[in-house]
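Spelled out from the first residue to the last, the chains are:
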Amino acid sequence: MSTPYAKLPGWVEYGLIPLVNLVVAFAVAGLVVLLVGESPLEAAYHMVNGAFGRGEYIGFTLYYATTFIFTGLAVAVAFHAGLFNIGGEGQAYVAGIGVALACLWLDRFMPWYVVFPVAILGASLFGAAWAFLPGWFQAKRGSHIVITTIMFNFIAASLMNYMLNRVLKPLGSMSLETRTFEAGGQLPRLDWLMSIFGLSVGTAPFNVTFLLALAASFGVWVLIWRTKLGYEMRTMGHSPSAARYAGIKEARIIVITMMISGALAGMMALNPIMGETYRMQLDFVQGAGFVGIAVALMGRSHPAGIIPAAILFGVLYQGGAEIAFEMPSISRDMIVIIQGLVILFAGALEHMFRPAITRAVLAFSGRGRTQAAVKGA
Amino acid sequence: MDYFQLFLELAQSTVRLSTPLILAALAGLFTERAGVFDIGLEGKMLGGAFAAGCVAFVAQSAMAGLLAAVVVSVLLSLVHGFASITQRGNQIVSGVAINFIVAGSTVILGEAWFRQGGRTPALAEGARFQVIQLPFAEELRGVPLLGPIYADLISGHQALTYLAFLMVPASWWILYRTRFGLRLRAVGENPGAVDTAGISVIWMRYRAVICCGILCGIAGAYLSLAANAGWTKGMTAGKGYIALAALIFAKWKPVPVMFACLLFGFLDAFAIRYQSTPLPLIGKVPVQLMQALPYILTVILLAGFIGKAIPPRAGGVPYVKER
């Protein structure tokens, strides 16, 4: 679709507009806090304090951020090829099997640095496999990826319920989880990284998966902007007909993109399973796949935007727990509202403030000749 | 006669479980035929159920609750409409956003207003929809075969259930036999042509979105005022998505929508009834498979293995007047 908007400088496009959208989302969330009869400023204070007040809190914030980097990248990669992968939730959930199998198989006689790569492989394989079918159906059978991935989320929930009930649960155990992993299935915490900054990680499950998330972010940047495959994906995202005309095999790109997306979503499973609980529990994803949508939209599908966006949601999750503790009438469901508002304002309504901002920016920079283009908006 | 009794029980709970699905799927039918995709059915239903639960409790009136549900659901629809019609935003993103906003805010507001741990106070008899006994239901019960069917299956539901089933032919009539319906369908297939005919595409789509809001509100009110005695946290539990699946399964047509909803309702009723009973021929089916079946069926259908589901051609595409 032709953009009826004037070209804006980068800091406006990638800085100011997302910031305005974010501020509006938080302002509306503040209204909800007011409606409940609490002070939004006090809530904001507890949130920031809860997220950054101590080394341990920062550890938790970054632990959550790790998860959201993966799911955000997963959504972003699909976005670049013009695909909307809502199935990150299901892909991450099923990928848990890959992680659990690697740990259950190796944890007793291998150190973590042997188990970890196997678990990464397992997570990406299972995640990619769960994304393969929706991708293949879209590519070959023309079914809409959004609907199929939603359906696959529900199917994944049923499948995992079955797996934990009948297959992975130790005999005689009542709770729906695998056995607790031995040392090999437990990832080391990043105490050393925090102690560089003079902070103590405390009990926060901030672990090496964070480094993997950073590596994955770099990998995604290389993939999208520095490889032939990434170029083909972006071409298809911009214009499927141009891609077809250029001889890019659409079906192949769709399937590969979805599998990469699924693998990235799947790696999220490493963080809670090997980094925090040391076992796979029922419903361990806890909506992180959906947070990825908000993260990708806010980060404008660029790793450099996704990492700060993921950290912001880490702040929301960790700080939200603090708010819930200090102000009982604001439970953690507040995060869900903010998440929805961010998706609404940074995603569906991303162009709402653009004409006004464009006018303001151009008025300040005094470039009259693009005025005509602005009027068209 | 034992089997007959069993059949009656299953059929009865099928009708009960299908009612909200039918209302929500018909709601989706209206917007999607007008070219506005809506995966926010779930959120609108939940918002409606919450509003119904709150207002019915405060006003002690089921009708007030129903009205509140419709108002809230229509408002949410208008947000979706504003984002996807006026702002030309991504319709799927907007739907996802609405689902989250509602899921979170109902819990926060419910807790702040009633403090009952994720539920609205239980409604008294008068604040809920009552079961309607059709005339002569008891007198005719003695008639073999047809008597019990009339007395137990056709009679003995709440008003909203009858409304849901009446909405099926009504929707068909509106969509296929009125000028409004023709234009609504045209706006979903070829908005340019509608625009050329001098009809506002934007206004048509807004009206379709409002129709969707009304029906979703009724579906929500059914959940909290008829099927249950009040709202509970996350009570839609994926019904909005099942309705969406049913809508696709029915290839965006009103009467097949009813049958698809009845099928998915039946699967649900069956799964509840036969959680641990082995079936003849098949053996013991895991309950999880039964729960996943509607989704699996929809995926298979979408992949074109059972006929082909072709969505409205302009679905999901915002209309731009000049190119």
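The rules we used
- Residues numbered from 1 in each chain as written.
- Chains lettered and ligands numbered in written order.
- Predicted model: local features only at pLDDT ≥ 70, side-chain atom pairs only at ≥ 80, totals over all residues.
- Heavy atoms only, no water.
- UniProt positions renumbered as here; feature names shortened; annotations may be inferred.
- Helix = DSSP H or I, 4+ residues; strand = E, 2+ residues; numbered from the N terminus.
- Axes fitted to C-alpha atoms, helices over the stretch in contact; angles between N-to-C directions.
- Parallel < 35°, antiparallel > 145°, perpendicular 65-115°, else oblique.
- Contact = heavy atoms within 4.5 Å.
- Nonpolar A, V, L, I, M, F, W, Y, C, P; charged D, E, K, R; others polar.
- Disulfide = S-S within 2.5 Å.
- Buried < 20%, exposed > 50% of the residue type's maximum accessible area, 1.4 Å probe, protein only.
- Buried area = accessible area lost by both parts, 1.4 Å probe.
- Salt bridge = Lys/Arg side-chain N within 4 Å of Asp/Glu carboxyl O.
- Polar contact = N/O pair within 3.5 Å; in protein donor to acceptor, adjacent residues only side chain to side chain.
- Left-handed = near helix turned anticlockwise from the far one by under 90°.

**Looking at the UniProt feature "transmembrane region" (unreviewed entry) in chain B**
Mapped onto this numbering, the UniProt entry annotates "transmembrane region" (unreviewed entry) at residues 50-80, 92-114, 159-176, 206-225, 257-276 and 288-306 of chain B. In this annotation, residues 206-225 of chain B is assigned 100% helix and 0% strand; the end-to-end C-alpha distance for the span is 28 Å.

**Here's the deal with unusual backbone geometry**
All names here are of chain B. One non-glycine residue with positive phi stands out, namely Gln 60, at about 55°. Looking at the element boundaries, Gln 60 is found in the loop between α2 (41-59) and α3 (62-86). Phi is positive for Lys 251, close to 55°, though the residue is something other than glycine. Looking at where Lys 251 falls in the secondary structure, it is placed in the loop between α11 (239-249) and α12 (254-273).

**A word on the packing of helix α1 (residues 2-33) of chain B against helix α10 (residues 201-227) of chain B**
Relative placement of two packed helices is described by the angle separating their axes and the distance separating the axes. All names here are of chain B. For the pair α1 and α10, interaxial distance at closest approach is 7 Å and the crossing angle is 170°. Judged by the angle between their axes, α1 and α10 are roughly antiparallel. For the pair α1 and α10, contact is made by Arg 16, Thr 19, Pro 20, Leu 23, Ala 24, Leu 26, Ala 27, Phe 30 and Thr 31 and by Ala 208, Val 209, Cys 211, Cys 212, Leu 215, Cys 216, Ile 218, Ala 219, Tyr 222 and Leu 223, respectively. Residue composition of the contact of α1 with α10, by class: 16 nonpolar, two polar and one charged.

**Overview of the state of the cysteines**
All names here are of chain B. A full pass over the atoms with the stated rule returns zero disulfides over all chains. Note on Cys 54: no disulfide assigned, nearest cysteine sulfur contributed by Cys 216 at a separation of 18 Å. Given a relative accessible area of 7%, Cys 54 falls into the buried group. Cys 216 provides the cysteine sulfur closest to Cys 212, a residue in no disulfide bond, and the two sulfurs are 4.4 Å apart.

**Description of the interface of chain B and chain A**
At the interface, 43 residues of chain B touch 43 residues of chain A. Summing both sides of the interface, chain B and chain A together bury roughly 3,800 Å²; the carbon and sulfur share of this comes to 79%. Of all residues in chain B, the largest losses of buried area upon contact with chain A belong to Phe 100, Ile 108 and Gln 288 of chain B, amounting jointly to 18% of the total for that side. Put simply, chain B and chain A have zero salt bridges between them. Here chain B and chain A share one residue pair in polar contact (both at pLDDT 80 or more) between them. Those elements that place two or more of their residues in the side of chain B that touches chain A are α3, α4 (91-114), α11 and α13 (287-302) of chain B. Taken together, the residues of the side of chain B that touches chain A break down into 28 nonpolar, eleven polar and four charged.

**Thoughts on the packing of helix α7 (residues 159-177) of chain B against α10 of chain B**
Residue and element names in this part refer to chain B. Close contact between α7 and α10 brings their axes to 10 Å; oriented N to C, the two are set at 150°. Here α10 runs roughly antiparallel to α7, going by the angle between their axes. Here the hand of the crossing between α7 and α10 comes out left-handed. When α7 is examined against α10, the residues Leu 160, Thr 161, Leu 163 and Met 167 are found in contact with a partner set consisting of Leu 215, Ile 218, Ala 221 and Tyr 222. Partitioning the contact of α7 with α10 into residue classes produces seven nonpolar, one polar and no charged.

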